[in-house]
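The chain contents come next:
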Amino acid sequence: MRTEYSVEALQQAGVPVEKLARCNADWQRGQAKLRMAQWLREFGGSIELVLANNDDMALGAIDACLEAGSSP
């Protein structure tokens, strides 16, 4: 629900939002890293925002970005 509320708040503020993917990383850094790496391969430069519901998942996404040579 946190993510849905965040997306809703962005839309209400007039920010256009297109959801490319969604997953449950079970609050784990490693799983989030794997998912983010997959999305980077699949969507590349189309990713502008990643919403994470805890610090570990955010850090996992950052890890994947850094390994791929992207800035988080």
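The structure this text deals with has already been given above.
The structure contained in this document is the topic of the report that follows. Computed from a predicted model, the values in this text were never measured in an experiment.

Structural notes on the overall build of the protein chain
So, point 1. When helices and strands are counted, the protein chain shows 3 helices and 0 strands.
So, point 2. If you list the helices and strands of the protein chain from N to C, you get α-α-α.
So, point 3. Compactness check: the protein chain gives a C-alpha radius of gyration of 12 Å against a globular reference of 11 Å for 72 residues, within 12% of the reference.
So, point 4. In terms of principal-axis extent, the alpha carbons of the protein chain reach across some 35 × 25 × 15 Å.
So, point 5. Put simply, of all contacts in the protein chain between residues at least 6 apart along the chain, 60% involve residues at least 24 apart.
So, point 6. Total accessible area computed for the protein chain in this model is approximately 5,300 Å², and 49% of it derives from carbon and sulfur atoms.
So, point 7. If the 7 positive side-chain charges of the protein chain are averaged to one point and the 10 negative ones to another, these points end up 5 Å apart.

Comments concerning the layout of surface pockets
So, point 1. Quantified by volume, the largest pocket comes out at close to 960 Å³.
So, point 2. Together, 34 residues line the largest pocket, and Thr3, Ala21, Leu49, Val50 and Leu51 are the ones closest to its centre.
So, point 3. Of all the secondary structure elements, the ones that give two or more residues to the lining of the largest pocket are α1 (2-12), α2 (29-43) and α3 (55-67).
So, point 4. Its residues placed into classes, the lining of the largest pocket shows 22 nonpolar, 4 polar and 8 charged.

Things to note about the state of the cysteines
So, point 1. By the definition in use, this model includes 0 disulfides.
So, point 2. Looking at the unpaired Cys23, the closest cysteine sulfur is the one in Cys65, lying at 13 Å.

Overview of the packing of α2 against α3
So, point 1. Viewed as axis vectors pointing N to C, α2 and α3 meet at an angle of 45°, and their least axial separation amounts to 7 Å. Between α2 and α3, the angle falls in the class oblique. In the crossing of α2 with α3, the sense of the turn from one axis to the other is right-handed. Residues Arg29, Ala32, Lys33, Met36, Ala37 and Leu40 of α2 form the contact with α3, whose participating residues are Asp56, Met57, Leu59, Gly60, Ala61, Asp63, Ala64, Cys65 and Glu67.
So, point 2. Residues belonging to the contact of α2 with α3 are distributed by class as follows: 9 nonpolar, 1 polar and 5 charged.

Calculation criteria
- Residues numbered from 1 in each chain as written.
- Predicted model: local features only at pLDDT ≥ 70, side-chain atom pairs only at ≥ 80, totals over all residues.
- Heavy atoms only, no water.
- Helix = DSSP H or I, 4+ residues; strand = E, 2+ residues; numbered from the N terminus.
- Rg over C-alpha atoms; globule rule 2.2 N^0.38 Å.
- Contact = heavy atoms within 4.5 Å.
- Areas by Shrake-Rupley, 256 points an atom, 1.4 Å probe, with all protein chains shown as cover.
- Lys, Arg positive; Asp, Glu negative; His and termini not counted.
- Charge placed at Lys NZ, Arg CZ, Asp CG, Glu CD.
- 1 Å grid on protein atoms, 1.4 Å probe; cavity = no way out; pocket = protein on both sides within 12 Å on 5 of 7 lines; lining within 4 Å.
- Points joined across faces, edges and corners; volume = space filled by probe spheres on them.
- Nonpolar A, V, L, I, M, F, W, Y, C, P; charged D, E, K, R; others polar.
- Disulfide = S-S within 2.5 Å.
- Axes fitted to C-alpha atoms, helices over the stretch in contact; angles between N-to-C directions.
- Parallel < 35°, antiparallel > 145°, perpendicular 65-115°, else oblique.
- Left-handed = near helix turned anticlockwise from the far one by under 90°.

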